[in-house]
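Next come the chains, spelled out residue by residue.
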Amino acid sequence: MNVDTPLGPARVLRRDPAGAVRGTLVLGHGAGGGIDSPELAAVTDAAAGAGWRALGVEQPWRVAGKRIAPAPPRLDLAWQAVLTRLRDDGVLAGPLVLGGRSAGARVACRTAGEQGAAGVVALAFPLHPPGRPEKSRADELARVGVPLLVVQGETDAFGTPAEVAATAPGVQVAAVPGDHALKKDVAAVVAAVLPWLAGL
């Protein structure tokens, strides 16, 4: 379905479970790819198989065919407009978990509080630009205020699992093989997310 936002139409792909809905997982994509990236697709499939309604949100800039994402506040604006529409339409059933990969993970972290999320799943959270640890985004993790799972590649140039754990005490960090793309072992990503979702 398409959803109008102040930045143009966004697109939502919906995957319902076969039986009762345990909760709703809403995932956003990164700056370099869409909601069909391997790890997002795998988590979507697994979550739906475990009873969650899984919704993938494609930001307006991607829908419009643009190559460069807008600034973070504008990403948040479109994301919030989509969530408002989904809530108004009664799509957000049960506990709401927000998440995404990279830039999408940042959006989920920044908006979790005002959206009343029960938890956040951050895949490949870009803690800092490569080689620039002084440009930390740890404050975005610190202000989430609800259970937060960060699934991070062991060799992620945007922040290793150890860096995330050191700068964001209390956040659950799952280290998986690979780099920022999280493509090396998609099954490990799913294996980290599903038990955490079940624990909510």
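What comes next concerns the included structure. Per chain, the residues get numbers from 1 upward, laid out in the order the sequence is written. Where totals are concerned, whole chains, interfaces and linings use all residues; where local detail is concerned, this predicted model gives features only for residues with pLDDT of at least 70, and gives and counts side-chain atom pairs only at 80 or more. Heavy atoms from the whole structure form the basis of all side-chain values; hydrogens and water molecules are not counted.

1. Some details on the pairing of strand β3 (residues 23-28)
The test is simple: Classification of residues uses two cut-offs on accessible area relative to the type maximum, computed with a 1.4 Å probe and protein chains only: under 20% is buried, over 50% is exposed, and between them is partly exposed. Working definition: helices are DSSP H or I runs of at least four residues, strands are E runs of at least two. Numbering for both runs from the N terminus. DSSP calls a pair of strands paired once it identifies at least 2 bridges connecting them. Look down the strands so they point away from you; if going from the first strand over the helix to the second traces a clockwise path, that crossover is right-handed.
The buried count for β3 comes to six of six residues, which makes it a mostly enclosed element. Side chains Gly23, Leu25 and Leu27 of β3 all project onto a buried face; the interleaved residues Thr24, Val26 and Gly28 project onto the opposite face, where all are buried too. With six bridges connecting them, β3 and strand β4 (residues 52-58) associate as parallel partners. Within the sheet, the bridge partner assigned to Thr24 lies in β4 and is Arg53. Note on the crossover from β3 through helix α1 (residues 38-49) to β4: the handedness is right-handed. As paired strands, β3 and strand β5 (residues 96-101) are joined by five bridges and run parallel to one another. Its bridge partner being in β5, Gly28 is matched across the sheet by Gly100.

2. Quick notes on the pattern of salt bridges
Definition in use: Salt bridge, as applied in this entry: a Lys or Arg side-chain nitrogen positioned within 4 Å of an Asp or Glu carboxyl oxygen.
The full count for this structure, using the stated rule, is ten salt bridges. Arg14 serves as the salt-bridge partner of Asp16, at 3.0 Å between the closest nitrogen and oxygen. The partly exposed category is assigned to Arg14, whose relative accessible area is 47%. A salt bridge links Arg15 to Asp45; the nearest nitrogen and oxygen atoms lie 2.3 Å apart. On the criterion of sequence distance, the pair formed by Arg15 in strand β2 (residues 10-15) and Asp45 in helix α1 is long-range, its members being 30 residues apart. Relative accessible area serves as the criterion here: at 36%, Arg15 is assigned to the partly exposed category. According to the relative accessible area criterion, Asp45 is partly exposed, its value standing at 41%. In this structure, a network of salt bridges that share partners links the residues Asp76, Arg106, Arg110 and Glu140.

3. As for the sheet that holds β5
Think of a sheet as strands paired side by side through backbone hydrogen bonds, with each pair either parallel or antiparallel. What counts is decided by this rule: Whether two residues touch is decided by their heavy atoms; if any such pair falls within 4.5 Å, the residues are in contact. Note on definitions: angles span 0 to 180 degrees between N-to-C directions of axes, and those axes are lines fitted to C-alpha atoms, for helices only across the stretch in contact.
Strand order in the open sheet formed by eight strands is β1-β2-β4-β3-β5-β6-β7-β8, with mixed pairing between adjacent strands. Each edge of the open sheet carries a strand with a single partner, namely β1 (2-3) and β8 (172-176). Across the sheet, α1 touches β2, β3, β4, β5 and β6 (119-123), and the angle it forms with β3 is around 175°. Along the sheet face, helix α4 (residues 103-115) touches β3, β5, β6 and β7 (148-153) and points at about 160° away from the line of β5.

4. Brief notes about the environment of His128
This is how the line gets drawn: Under the rule applied, a polar contact is a pair of N or O atoms within 3.5 Å (in protein, one hydrogen donor and one hydrogen acceptor; residues adjacent in sequence only if both atoms are side-chain atoms).
Structurally, His128 can be placed in the loop between β6 and α5 (138-142). Residues His128 and Gly159 lie 31 residues apart in sequence; the distance between their C-alpha atoms is 6.3 Å. Discounting chain neighbours no more than four positions away, the residues touching His128 are Pro133, Lys135, Ser136, Arg137, Ala157, Phe158, Gly159 and Glu163. In terms of polar contacts, His128 uses its side chain to reach the side chain of Glu163, at 3.0 Å.

5. Concerning the side chain of Gln115
Examined against the element boundaries, Gln115 turns out to sit in helix α4. Judged by its relative accessible area of 10%, Gln115 falls in the buried class.

6. Notes on unusual backbone geometry
For Ala124, which is not a glycine, the phi torsion comes out positive at approximately 55°. The residue Leu182 is not glycine, and still its phi comes out positive at about 60°. Mapped onto the fold, Leu182 is located in the loop between β8 and α7 (186-199). Overall, the relative accessible area of 1% leaves Leu182 in the buried class.

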